[in-house]
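So the chains spell out like this:
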Amino acid sequence: MVTVAYLGPPGTFTDAALHRLRADARTSALLADAEAVPAGTPDEALAMVRVGTADYACVPFENSVDGTVNPTSDALAVGDRLQIFAETELDVVFSILVRPGTAADDVRVLRTHPVAAAQVRRWVGTNLPRAHIETTSSTAAGAEEVAAGTADATAAPGRAGEINGLVPLAENVADIGGARTRFVLVGRPAAPPPRTGSDRTCVIFGLPHEPNSLVQALTELSIRDIDLTRIGSRPTRVERFTYLFHVDLVGHIDDPAVAEALVALRHRTADLRYLGSWPVAGGGDAGSPPPDRAEEIDWLARLRRGEDAG
């Protein structure tokens, strides 16, 4: 049986993302009968894949308001290489969940995940002025703490309230409307999903301390007309003030332009780590696609055969 670790406990947004991946035609056959195993952090979920106690992990990867989910990116950057095979997106709105009979004036401690806290802070300041926000490992863990009486309220998906016997003090709460979070399905290295024409590729790399090293690395992408959708840096945590660069680009490793760029990046960078190529969530628009090199590849093949290539 396939086992999937996820950022739990049940009732988190990651739990909902895993349900969505189960329903996605591209991953349903793989995950339909999978056993879901909750983990306390993204690092724990990914570690289960590395040691073989889980086949895959479903973890949050990027939020449209707060950017990259750093615990996930940091965990993917070190240890045995893992690979992303699929993604899904969820709208992020919260219910303010309390024990039955709790009024707004009763709320002194609201405990939730740090990303959730950042997205409801203004609402809490206006509507729960006596409340102090504290963070916990997940939104569902916050709901469990409210049910146990160690917190007065949490910001979490409504399903977490249903699981823990809580009621909503408010629903559809978000300081910034339209927020979405991207979740990824991660496993041990294998052949990537087939190219669809609407794909994303992710790499992580270090750079030598030399003038223009970042410019030179990015030039390998720009001269091939490859669109970047995300770039960020994170400390290596090995040597002071050294960084790894995390880059998402449009295209698939089977796109010739992307393949050329990856080879060039391996030459230009230190410790290039390929995190996979996979279809964009929902078959949506990934960005500007890489150029089609079919004519150039055919031209080169004809030259190699000794034909008149024109």
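Residues numbered from 1 in each chain as written. Predicted model: local features only at pLDDT ≥ 70, side-chain atom pairs only at ≥ 80, totals over all residues. Heavy atoms only, no water.

### Structural notes on a nonpolar patch on the surface
Next up, step 1: Judged by side-chain polarity, Trp 299, Leu 300 and Leu 303 come together as a nonpolar surface patch covering roughly 260 Å² of accessible area.
Next up, step 2: Residue Leu 303 is classed as partly exposed on the basis of its relative accessible area of 40%. (Patch = residues over 30% accessible without salt bridge, like charges linked within 9 Å, V, L, I, M, F, W, Y side chains within 5 Å. Areas by Shrake-Rupley, 256 points an atom, 1.4 Å probe, with all protein chains shown as cover. Salt bridge = Lys/Arg side-chain N within 4 Å of Asp/Glu carboxyl O. Buried < 20%, exposed > 50% of the residue type's maximum accessible area, 1.4 Å probe, protein only.)

### A few points about the environment of Thr 150
Next up, step 1: Position of Thr 150 relative to the elements: it lies in the loop between helix H6 (139-148) and strand S9 (153-156).
Next up, step 2: When the C-alpha atoms of Thr 150 and Pro 38 are compared, they prove to be 22 Å apart, with 112 residues separating the residues in sequence.
Next up, step 3: Each residue touching Thr 150, except ones within four places of it in the same chain, is listed here: Arg 111 and Glu 145. (Helix = DSSP H or I, 4+ residues; strand = E, 2+ residues; numbered from the N terminus. Contact = heavy atoms within 4.5 Å.)

### Focus on the packing of helix H3 (residues 42-51) against helix H4 (residues 70-77)
Next up, step 1: Running from amino to carboxyl end, H3 crosses H4 at an angle of 30°, the nearest separation of the two axes being 8 Å. When the axes of H3 and H4 are compared, the pair comes out roughly parallel. Our pair here, H3 against H4, has a crossing hand that is right-handed. Contacts between H3 and H4 involve Pro 42, Asp 43, Leu 46 and Arg 50 from the former and Pro 71, Thr 72, Ala 75 and Leu 76 from the latter.
Next up, step 2: Per-class residue counts for the contact of H3 with H4 are five nonpolar, one polar and two charged. (Axes fitted to C-alpha atoms, helices over the stretch in contact; angles between N-to-C directions. Parallel < 35°, antiparallel > 145°, perpendicular 65-115°, else oblique. Left-handed = near helix turned anticlockwise from the far one by under 90°. Nonpolar A, V, L, I, M, F, W, Y, C, P; charged D, E, K, R; others polar.)

### A look at the nonpolar core
Next up, step 1: Among the nonpolar cores identified, the biggest contains 33 residues, and Val 4, Cys 58, Ile 96 and Leu 110 are the most heavily contacted of them.
Next up, step 2: Excluding anything up to four places from it in sequence, Cys 58 contacts Val 4, Ala 5, Tyr 6, Leu 7, Thr 14, Ala 17, Leu 18, Leu 21, Phe 183 and Val 184.
Next up, step 3: Counting 22 residues, the second largest nonpolar core, distinct from the first, contains Ala 54, Ala 57, Leu 76 and Leu 82. (Core = buried A, V, L, I, M, F, W, Y, C linked by side-chain atoms within 4.5 Å.)

### Quick look at the sheet that holds strand S13 (residues 228-235)
Next up, step 1: Read across the open sheet, the four strands follow the order S13-S14-S12-S15; overall the sheet is antiparallel. With partners counted over all chains shown, the strands left at the sheet margins are S13 and strand S15 (270-279), one partner each. Taking the axes of each pair of neighbouring strands and ignoring which way they run, one obtains an average angle of 15° across the sheet. (Pairing = 2+ DSSP bridges.)

### Some thoughts on the environment of Thr 219
Next up, step 1: Following the sequence through the fold, Thr 219 ends up in helix H8 (residues 213-222).
Next up, step 2: Judged by relative accessible area, which is 32%, Thr 219 ranks as partly exposed.
Next up, step 3: Put simply, Thr 219 and Leu 265 are 46 residues apart on the chain and 9.5 Å apart in space, counted from C-alpha to C-alpha.

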